[in-house]
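# Notes for the structure review
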Amino acid sequence: MHKRMNKKLNHILLSAYLLLASALLAFGAENDKKLVYKLNIKEQIAPAILRQTRQAFEAADTLGADVFLIHMNTYGGTVLDADSIRTRILQSPIPVYVFIDNNAASAGALISIACDSIYMRPGGSIGAATVVNQTGQAMPDKYQSYMRSTMRATAEAHGKDTIISGNDTIIQWRRDPRIAEAMVDERVYIEGVSDSGKVLTFTPSEAIENGYCQGIAENIPEVLQQVGIENYEIVEYKPSFLERIIGFLVSPMISGLLIMAIIGGIYFEMQSPGIGFPLGVAVLAAVLYFAPLYLEGLAANWEILVFIIGIALVAVEIFVIPGFGVPGILGVLFIFAGLVLSLINNVDFNFEGVEMEGVGVAVMTVVVGIFGGFVGALYLGNKLFTAKSGPFKNLSLNTIQDIAEGYSNVDASFRQLKGKTGMAQTVLRPGGKVVIDGEIYDAVAESGFIDRNEAVLVTRVGTSQLYVERPEE
């Protein structure tokens, strides 16, 4: 009886021990699981990608990630944004690996070289980092020089090894800076690696042979296996809907269209009295233009203020001081400066780190947008409002009240001003204000400019203004 009870008790204790051991093993395995934070870079390197990269690193730091993995497939993008991304990678306390799914060209190559380890899919490529303009033509050498030094510095950041061979001490870079430079400049010749006259691009096997790739893999699990991580959890950065909208709005093409809407809306509003739909379009376009740039850190408060001051000066010129003088010219310059500065990645009034390529893109975006806005406003104004078949033809007055039929919208007393003399209250260039019989009227000089306090003669009367010239002496 006692033996049977002891045997049963032993079975219970053994079962409990096995359950406890399994729980401890499972708990230990769970604790050994590595957290891998993954960021996809599968589009053009631009401000939106830089913003997403910063957010991804912040999230990885907050979660205590063990590995930061970039899944890359890009043909390049802006050097300035790529440089900021590579700086963030080099400063990361978390190991950063990159899996080149297909392409890591130009700016993508710079980002990849900054990572601790590079893995490539069969058939992939890395290199071709020459700086080019919007048409694909190589930029002048001063831009290439900056890119060469950045690529060299990035390769050098991974350090070098000291090899003792007999009495000789050999210093060997883990990633040869000359190879990184050859990816930018076709003039760099490296025997057995780069032929003079060709910008360097590596296949996976070539990259492995020259220390620019640690392994070839078909997918992310194979990359992690080669790294030595078997038990892991992947957390992937997913841009929010707002992030996608911001990325869409800050693209040069959309920025240009928004500038067209701003200019077109202002033009249409100037053509009609009161405050209406065109002004609403212009205001909405301005908000959509500046808000994402402000969130991206490109548009500063003072740059937006410059644009607003420009609009105010143009309004003063139109509604307060007839004609087009200093306020109008300054207003146009302020508007142009505000739009351009908001696209440039300067820090306050410091423009040292701003590349001329970025300035050129910003200027061209604004110029094309303003020109397109004027042309579009003139074309659409005729097609939409004044054409007989326009969809908004009923919103504009297209009928004519001919004077020959007895119509007149000029007051009889106003018509009696013809032939009278007075004095220019403001400079007429050609529009301005004149004083006739103690009353102030809008007037336009028939020829040339008329200075303030000069005598004027009313030659004819328009709908709401007088036409004047200097009286003959």
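Relevant structure appears above.
Bear in mind that the values here come from a model prediction, so they are computed numbers and not experimental data. (Residues numbered from 1 in each chain as written. Predicted model: local features only at pLDDT ≥ 70, side-chain atom pairs only at ≥ 80, totals over all residues. Heavy atoms only, no water.)

## Focus: the nonpolar core
As a reminder, the rule being used: Grouping buried Ala, Val, Leu, Ile, Met, Phe, Trp, Tyr and Cys residues that are joined through side-chain atoms within 4.5 Å yields what is termed a nonpolar core. Burial here depends on accessible area, computed with a 1.4 Å probe over protein chains only, as a share of the maximum for the residue type. Under 20% is buried, over 50% is exposed, and the range in between is partly exposed. Strands are runs of DSSP state E lasting at least 2 residues, helices are runs of H or I lasting at least 4, and numbering of each runs from the N terminus.
Counting 53 residues, the largest nonpolar core has Phe 68, Ile 70, Ile 89, Ile 126, Met 151, Met 183 and Tyr 212 as the members making the most contacts within it. It is helix 4 (residues 107-114) that provides the largest number of residues to this core, a total of six residues. Residues Ile 262, Ile 304, Ile 335 and Val 366 belong to the second largest nonpolar core, which totals 25 residues.

## A closer look at the pattern of salt bridges
Note the cut-off: The term salt bridge refers to a pairing of a side-chain nitrogen on Lys or Arg with a carboxyl oxygen on Asp or Glu at a separation within 4 Å.
Summed over all chains, the structure comprises 17 salt bridges. Of the charged contacts, one joins Arg 88 and Asp 61 as a salt bridge, the two residues approaching to 3.2 Å between their closest N and O atoms. Placement of Arg 88 in helix 3 (residues 79-90) and of Asp 61 in helix 2 (residues 47-63) is noted, with a sequence separation of 27 residues between them. The exposure class assigned to Arg 88 is partly exposed, which follows from its relative accessible area of 21%. Between Lys 420 and Asp 437 there is a salt bridge, with the nearest N and O atoms lying 2.7 Å from each other. Of the two residues, Lys 420 is situated in the loop between helix 15 (412-415) and strand 11 (421-424) and Asp 437 in the loop between strand 12 (431-436) and strand 13 (439-445); the sequence distance between them amounts to 17 residues. Looking at Lys 420, the relative accessible area reads 33%, which means it is partly exposed. Given a relative accessible area of 54%, Asp 437 falls into the exposed group. Connected through salt bridges with shared partners, the residues Asp 141, Arg 148, Arg 152, Glu 181, Asp 185 and Arg 187 form a single ionic network.

## Thoughts on the packing of helix 3 against helix 5 (residues 141-156)
Note the threshold: All axes here are fitted lines through C-alpha atoms, helices being fitted over the stretch that makes contact, and every angle between N-to-C directions spans 0 to 180 degrees. What sets the label is the angle itself: under 35 degrees gives roughly parallel, over 145 gives roughly antiparallel, 65 to 115 gives roughly perpendicular, and the rest give oblique. It is the rotation of the near helix from the far one that decides the hand of a crossing: anticlockwise by less than a right angle makes it left-handed, clockwise makes it right-handed. Here, two residues are considered to be in contact whenever any of their heavy atoms come within 4.5 Å of each other. For this classification, Asp, Glu, Lys and Arg are treated as charged, while Ala, Val, Leu, Ile, Met, Phe, Trp, Tyr, Cys and Pro are nonpolar and the rest, including Gly, are polar.
Packing of helix 3 against helix 5 leaves a shortest axis separation of 12 Å and a crossing angle of 15 degrees. As far as their axial angle goes, helix 5 and helix 3 are roughly parallel. For the element pair helix 3 and helix 5, the recorded crossing hand is left-handed. Counted together, Val 79, Asp 83 and Arg 86 of helix 3 and Tyr 146, Met 147, Thr 150, Ala 153 and Thr 154 of helix 5 form the full contact between these two elements. Of the residues contributing to the contact of helix 3 with helix 5, the split by class is four nonpolar, two polar and two charged.

So far we have only geometry, and geometry alone does not tell us how the molecule works.
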